[in-house]
Amino acid sequence: MEVTKCLGNDFVSLRTFYKYVIDNTPEMKTHCPWIYGKHPTDEMIMKYIDAGWMYSVKEGENILAALALVPFQDDEYRDLDWGVDASDDDVLAVHILAVHPDCQGRGVAKEVMEAVIGIARERKFKTVRLDALSTNTPAHRLYEKCGFTPRGSASWYASNTGVTAFRLFEYIL
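Right, let's walk through the structure included here. Treat the numbers as computed from the prediction; the structure is a model and nothing was measured. (Residues numbered from 1 in each chain as written. Predicted model: local features only at pLDDT ≥ 70, side-chain atom pairs only at ≥ 80, totals over all residues. Heavy atoms only, no water.)

1. Thoughts on unusual backbone geometry
Inclusion rule: The helix and strand labels rest on DSSP assignments: H or I over at least four residues marks a helix, E over at least two residues marks a strand, and numbering proceeds from the N terminus. The classification of residues rests on relative accessible area computed with a 1.4 Å probe and restricted to protein chains. Under 20% of the type maximum is buried, over 50% is exposed, and intermediate values are partly exposed.
In this structure, P40 follows H39 across a cis peptide bond, with omega equal to -5°. Looking at where P40 falls in the secondary structure, it is placed in the loop between α2 (28–31) and α3 (42–51). Even without being glycine, I96 reaches a positive phi, approximately 45°. In this structure I96 comes out as buried when scored by relative accessible area, which is 6%.

If you want it as structure tokens, here you go:
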């Protein structure tokens, strides 16, 4: 499975993909209550594309999975209890990972996360970090199955949920 960088002409298909995932994933409202336009937003996806941080997995023209790989950690990650000290640019952060509903439960997300770890190794990052809503137990299981270590929790404001609890995960390279 190849995780490839998205380009500007991928925006419309990415927007369509995220909307479809949100509207057609069973238990989405329970585990990960994204609302397109609040999270993710058009502006967020375009920012990731323009910066070269947006990636997808395709079968033909169909997107099977999409995510952003940001080559630094955001401010809210800095003072948390991680397993390794790392400067901001030693961290590869994973954001807005989504898998097409028809592919869920088939190992696509696991393969994507294994590819992410490979990308992080190639680019000499010290660690891969991410967060997931505390209610997103399927994601928690996925990350742990992929070798990520739970690193506690934090409460942050999210535009789609208000102040919300997140679980933190890390893969040390």
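2. So, the nonpolar core
Our working definition: In this description, a nonpolar core means a group of buried Ala, Val, Leu, Ile, Met, Phe, Trp, Tyr and Cys residues linked to one another through side-chain atoms lying within 4.5 Å. The contact criterion used throughout is that any non-hydrogen atoms of two residues lie within 4.5 Å.
Ranked by size, the top nonpolar core spans 32 residues in total, and within it L14, Y18, W34, I45, Y48, M54 and I96 carry the most contacts. Of all elements in the fold, only α1 (11–24), α3, β3 (62–70), β4 (91–99), β6 (149–158) and β7 (162–172) reach the threshold of two or more residues within this core. The dominant element in this core, judged by the number of residues it contributes, is α1, at six residues. When sequence neighbours within four positions are dropped, the list of residues in contact with W34 reads Y18, I22, M28, H39, P40, I96, L97, A98 and N160.

3. Re the packing of α1 against α3
Threshold: Axis definition: a line fitted to C-alpha atoms, over the contacting stretch in the case of helices. Angles run 0 to 180 degrees between N-to-C directions. Just so you know how the angles are binned, under 35 degrees is roughly parallel, over 145 roughly antiparallel, 65 to 115 roughly perpendicular, and the rest oblique. In this scheme the crossing of two helices becomes right-handed for a clockwise turn of the near helix relative to the far one and left-handed for an anticlockwise turn of less than a right angle. Each residue is assigned to one of three groups, with Ala, Val, Leu, Ile, Met, Phe, Trp, Tyr, Cys and Pro labelled nonpolar, Asp, Glu, Lys and Arg labelled charged, and all others, Gly among them, labelled polar.
It is at 11 Å that the axes of α1 and α3 come closest, and there the two elements cross at 135°. The angle between α1 and α3 falls in the class oblique. Helix-helix and strand crossings are classified by hand; for α1 and α3 the assignment is right-handed. Side by side, α1 and α3 meet where F11, L14, R15 and Y18 of the first sit next to D42, I45, M46 and I49 of the second. Partitioned by chemical class, the residues of the contact of α1 with α3 number six nonpolar, no polar and two charged.

4. Thoughts on the sheet that holds β7
Pairing between the strands of a sheet comes from backbone hydrogen bonds, and it takes one of two forms, parallel or antiparallel. Condition: Only when DSSP finds a minimum of two bridges between them are two strands counted as paired.
Spatially, the seven strands line up as an open sheet ordered β1-β2-β3-β4-β5-β7-β6, and their pairing is mixed. Two strands bound the open sheet, and with one partner strand each, they are β1 (4–5) and β6. Across the face of the sheet, α1 comes into contact with β2 (54–59), β3 and β4 while running at roughly 100° to β3.

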